[in-house]
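Listed here are the chains, written in short residue letters.
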Amino acid sequence: MSTEPMTEPMTEPMTEPMTEPMTERGTGPGVRPGTGPGLAPGTTFRTLHDGWTLRQVDGEVSGVPATVPGCVHTDLLAAGLIDDPYLDDNENRLTWIGRSPWEYETVFDWHDDGHERADLVCEGLDTVAVVELNGVEVASTANQHRSYRLPVRELLREGGNTLRVRFASPVAYAEARRAELGERPGAYEAPYQFIRKMACNFGWDWGPALVTSGIWRPIGLHSWSGTRLAGVRPLVRTDGPDGLVEVHVTLEHSGGPSSSAQTPVTVTASVAGVRCEARTAPGEREAVLTLRVPGAERWWPRGYGAQHRHELTVSLGDAPSAGPGAHDGSGASGTSGRGEPAGRRWRGLIGFRDVRLDRTGDAFTVVVNDVPVFVRGVNWIPDDCFPARITRDRLAERFGQAAGAGVNLLRIWGGGLYESEDFYDLADELGLLVWQDFPFACAAYPEEEPFASEVEAEARENVARLAWRPSLALWCGNNEVLEGHADWGWRESLGERTWGAGFFHDLLPSVVAELDPTRPYWPGSPYSGGPELPPNDPSRGTLHIWDVWNREDYTRYGDYRPRFVAEFGFQGPPVHATLRAAVSGELAADAPLVLHHQKAHEGNAKLLRGLGEHLPAPRTYDDWHYLTQLNQARAVAYGIERFRAQAPYCAGTIVWQLNDCWPVTSWSAVDGAGRRKPLWYALRRVYDDRLLTVADGAVAVINDGPEPWAGELELLRLALDGEPLAKETAAVEVAPRSVAAVALPGPVATPGDPTAELLVARLGDRRAVSFFAEDTRVAFPRAAHRAEVTAVAGGLDVTVTAGTVLRELALFPDRLDPAASVDDMLVTLLPGESVTFHVTTDRELDPAALVTRPVLRCVND
């Protein structure tokens, strides 16, 4: 596992990312000694994560043991004072938490270590907080998206020191700002646009309203002397065959006798065997070092090449530089990046690559290293309502699921967060491009104070923090705010009040231009390329398609000719085991507790309406669950197939959405328990490099791989019993990253009986099965098959052999073992064909139950 830099919370109003101290093994909990030359003995960074208690200010709850990092909800849950917010309708009884003020307190010992500075480093406070040390206020904050470095040396006492963090009610704060600044329209009644906090915390059409408070990221005490690297901002690009790194360094001096404020300081940077040094004048706080790496290997997105990364080391003074893969004792290898205790060294794995947007002719094409990339994307929401619970392992599982489905880009949606270092490191490692929305979504945002200053501060911090990441491809100003202002009737109610235009068209692009000129900025999504244009125009820029799902049948996707689809999707329920664990009562489509886990307006009605003529009306819960999950998979696959067939005119699709934050019926491919829904298997098929799809009298042969795709395309018109009725062949050769359309010859294009025939297209090991009528009109025979279950390493193999056509065969082993999973799903078999499903499980499952309803399903069962 690679190492990478961590960013150190900043002393206001600094705008550079900083090296973050970590804990060294073998030195006591949370204490790390200084080892770099020139550091006084005993220099430490000490995590302050122990001994916290929580109380409700002016309330009855007190003395609750608190976990830091964490939040009030998880502390109350761990103490047994509330029921699990994700179960049943418990959420409804927990609104008092977000309306209450809370106080965290701990006492820690401190002894004078002889250092000139001691800073309280708060990586994340959620959200409206007053920080007190020994009864003295040291900070007042109101932004979840920022970090803080607070000088506290003069407040520390020998022996016990009391640290308190008091959180005001975020709901009350937002309501007060709304009353001061005037109402602003938004997608929901909650005042989420009046506080700099992840918007979906207040509830969304897929998420609960669980408004949190707490110390949500690490907190600690950093003692140091002399000079430290306060900020390191590498700007990485290519120049012809070479790699170029421009390292912007910001220094901070302690101000004491050992400070370098009045003496020159040497800063050294090295990468890939190239070394450079700069010497600052006395008192100077900034330096720029430029390194050119001849013939540097490039970093590429998934499917386009390897993810070559190179260790960049920045050292202050005579701190030793590390060779590739070296470890300096500042934390366990295999974790994220490192800095020495006083911030004397920064290390990160950079990738040499260029990224830009090709806007030729109103296009929206992501270009990496001068190669156009067809985006096969998914939208990302916070993976938990309580972000402190999200571990690197959990992110790695989600990223593996994304990569396994053929995804090459994650869009971090604007109602969430700037994500963790682990998130971007995994994206760098796996070659997943990242589209980063700034945290604005679906509402008019006030531009007055305190928000003008807060937005600038958070933007400057996070742009500088992430500028060196090779996976980061695009900064985007917001989600659906520009569209809301143009198309959702906001203008009349807003009058002359601000709504965010100054952020999206002025402030944010200027911050990106100053701090991260290596990648593009886009004002919002959807957006057509100019403020005077209709923002959701399919022929320009980025498009969000939501008439499908809300009103239209999914075949409406076929009417679109988009340049780039940044949002579209269709709902389906979570995996059965996930829903069963979340709902203690009856499982039925209209059961009250099931409906509580459906947050979309008229969501279940839209699920049933969406079946249309595609699939039969469900008669039982089991039918409803299978058919609506299947319809979700088909709807999204239908859209992707048609949009990919329009490449390169259409340059990408970003499905709404990859993941969920809790157990819910939603648009996700992976549910709130991390289980893969049928949509995930459909994504893996339609996001494959090579895809055949039948539409509009032709077969689209889609080759998004690096090699030509050549062979004989076989076209068969068959009866439902498998009898051949017509056959045609065509020689095809499709160049890399291109699409060819092959017209269907008459004998295979025109059925004798649309209800009794089907079409098979086959090229090499890829095939597409297409029916001439909707499933509800096809004269399917009643499903017949034989099945064999065999115990194998790691689980079971289930081999199904079709006696009749089996339409969309699916196996749901989670109904027998909630931990079980299957390797494939939604397979259509013709009579005589077989498929083997591998079930991963450590239990002994009933073979008979495994091969009958509701575990084994197909449309015509």
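All figures in this text were calculated on a predicted structure; none of them were measured in a lab. One numbering rule holds for all chains: residues counted from 1, following each sequence as written. It should be noted that, the model being predicted, local features are given only for residues of pLDDT at least 70 and side-chain atom pairs only at 80 or more, the latter also being counted only at that level, while totals for whole chains, interfaces and linings use all residues. Side-chain figures throughout are based on the complete set of non-hydrogen atoms in the structure, without hydrogens or water.

Undergrad: Quick question: what am I supposed to make of the environment of Leu-125 here?
TA: The helix count covers DSSP runs of H or I at least four residues long, the strand count covers runs of E at least two residues long, and both are numbered beginning at the N terminus. Tracing the backbone shows Leu-125 in the loop between strand S6 (117-122) and strand S7 (128-133). Each residue is assigned to one of three classes by its accessible area relative to the maximum for its type, calculated with a 1.4 Å probe on protein chains only: buried under 20%, partly exposed between the two thresholds, exposed over 50%. Leu-125 sits in the buried class, given a relative accessible area of 1%.

Undergrad: Help me out: how do you make sense of the pairing of strand S37 (residues 757-763) in this one?
TA: A regular strand carries its side chains on alternate faces of the sheet. Of all seven residues that make up S37, six are buried, and the element is covered over most of its length. What makes two strands pair is DSSP finding at least two bridges between them. As paired strands, strand S34 (residues 709-719) and S37 are joined by six bridges and run antiparallel to one another. In the strand pairing of S37, Ala-719 is matched with Glu-757. Pairing of S37 with strand S38 (residues 766-771), which is carried by six bridges, proceeds in the antiparallel orientation.

Undergrad: Looking at this structure, I do not really get the environment of Asp-861. What am I missing?
TA: If you trace the backbone, Asp-861 turns up in the segment after strand S45 (856-857). A C-alpha to C-alpha distance of 8.7 Å links Asp-861 and Arg-807, two positions 54 residues apart in sequence. In this structure, Asp-861 is in contact with Arg-782, Ala-783, Arg-853 and Leu-856, ignoring residues within four places of it in sequence. Side chain to side chain, Asp-861 and Arg-857 meet in a polar contact 2.6 Å long. Any two residues having at least one pair of non-hydrogen atoms within 4.5 Å are treated as being in contact. Polar contact criterion, stated in full: a pair of N or O atoms within 3.5 Å, where within protein one must be able to donate a hydrogen and the other to accept it, and residues adjacent in sequence count only if both atoms are side-chain atoms.

Undergrad: Honestly, helix H5 (residues 421-430) in this entry has me stumped. Any pointers?
TA: Working note: α-helix, 3.6 residues per turn, so residues spaced by three or four point in the same direction. Counting buried positions along H5 yields seven of 10 residues, so the element is predominantly enclosed. When H5 is considered as a whole, its buried residues turn out to be Glu-421, Phe-423, Tyr-424, Asp-425, Leu-426, Ala-427 and Asp-428. Summarising the contacts, the buried residues of H5 are in contact with strand S24 (375-380), helix H4 (392-404), strand S25 (409-412), strand S26 (433-437) and helix H6 (451-466). Just downstream of H5 lies Gly-431, where phi reads positive at about 80°.

Undergrad: Would you mind showing me how to read the sheet that holds strand S14 (residues 227-239) here?
TA: Backbone hydrogen bonds are what pair the strands of a sheet, in a parallel or an antiparallel way. Taken in spatial order, the three strands of this open sheet run S14-S15-S18, and their pairing is antiparallel. Single-partner strands in this sheet number two, and they are S14 and strand S18 (286-293). Averaged over all pairs of adjacent strands, the angle between strand axes in this sheet comes to 20°, irrespective of strand direction. Each axis is a line fitted through C-alpha atoms, taken for helices only over the stretch in contact, and angles between the N-to-C directions span 0 to 180 degrees.

Undergrad: How should the pattern of salt bridges be read in this particular structure?
TA: Opposite charge on two side chains permits them to pair, given that their charged atoms come into close proximity. Salt bridges are identified by distance alone: a Lys or Arg side-chain nitrogen within 4 Å of an Asp or Glu carboxyl oxygen. Taken as a whole, this structure holds 69 salt bridges when the rule is applied. A salt bridge links Arg-398 to Glu-397, with the shortest nitrogen-to-oxygen separation between them at 3.6 Å. Looking at Glu-397, the relative accessible area reads 42%, which means it is partly exposed. The closest approach of N and O atoms between Arg-857 and Asp-623, which form a salt bridge, is 3.0 Å.

Undergrad: Quick question: what am I supposed to make of the sheet that holds strand S43 (residues 827-829) here?
TA: Strand order in the open sheet formed by three strands is S43-S41-S45, with antiparallel pairing between adjacent strands. If you trace the sheet from one side to the other, it starts and ends with S43 and S45, each paired once. Here strand S41 (residues 806-811) pairs with S43 via two bridges, running antiparallel. By the bridge assignment, Leu-809 is partnered in S43 with Val-827. Helix H14 (residues 621-644) contacts S41 and S45 of the sheet and is inclined by roughly 110° relative to S41.

Undergrad: Hey, could you run me through helix H9 (residues 501-515) in this one?
TA: Given a helix with a known number of residues, its expected span is that number minus one, times 1.5 Å. Helix length check: H9 (15 residues) gives 21 Å between terminal C-alpha atoms against 21 Å at 1.5 Å per residue, within 8%. A maximum bend of about 30° is found in H9 at Leu-507, where proline Pro-509 lies one to four positions downstream. Among all positions of H9, only Gly-502, Phe-503, Phe-504, Leu-507, Leu-508, Val-511, Val-512 and Leu-515 are buried. Values of bend correspond, residue by residue, to the angle between axes fitted over the seven residues ending at that residue and the seven starting there.

Undergrad: Help me understand the packing of helix H13 (residues 603-611) against H14, please; the structure alone is not making it clear to me.
TA: When two helices pack together, their arrangement is given by the angle between the helix axes and the distance between those axes. With their axes 10 Å apart at the nearest point, H13 and H14 run at an angle of 75° to one another. The pairing of H13 with H14 is recorded here as roughly perpendicular in orientation. On the side of H13, the interface is formed by Asn-604, Leu-607, Leu-608, Gly-610 and Leu-611, while H14 contributes Trp-624, Leu-627, Thr-628 and Asn-631. In terms of residue class, the contact of H13 with H14 is made up of five nonpolar, four polar and no charged. Roughly parallel here means an angle under 35 degrees, roughly antiparallel means over 145, roughly perpendicular means 65 to 115, and every remaining angle is called oblique. When residues are sorted by character, Ala, Val, Leu, Ile, Met, Phe, Trp, Tyr, Cys and Pro go into the nonpolar class, Asp, Glu, Lys and Arg into the charged class, and all the rest, Gly among them, into the polar class.

Undergrad: What exactly am I supposed to notice about the nonpolar core here?
TA: Grouped burial of nonpolar side chains is what soluble globular proteins tend to show. Ranked by internal contacts, the top residues of the largest apolar core, which has 207 residues, are Phe-438 and Leu-683. Top element by residues in this core is H14. It accounts for 12 residues. Setting aside residues no more than four positions away along its own chain, Phe-438 makes contact with Gly-414, Tyr-418, Ala-459, Val-463, Trp-475, Cys-476, Gly-477, Asn-478, Leu-508, Val-512 and Tyr-521. Remark: nonpolar core denotes a set of buried residues (Ala, Val, Leu, Ile, Met, Phe, Trp, Tyr, Cys) joined through side-chain atoms within 4.5 Å.

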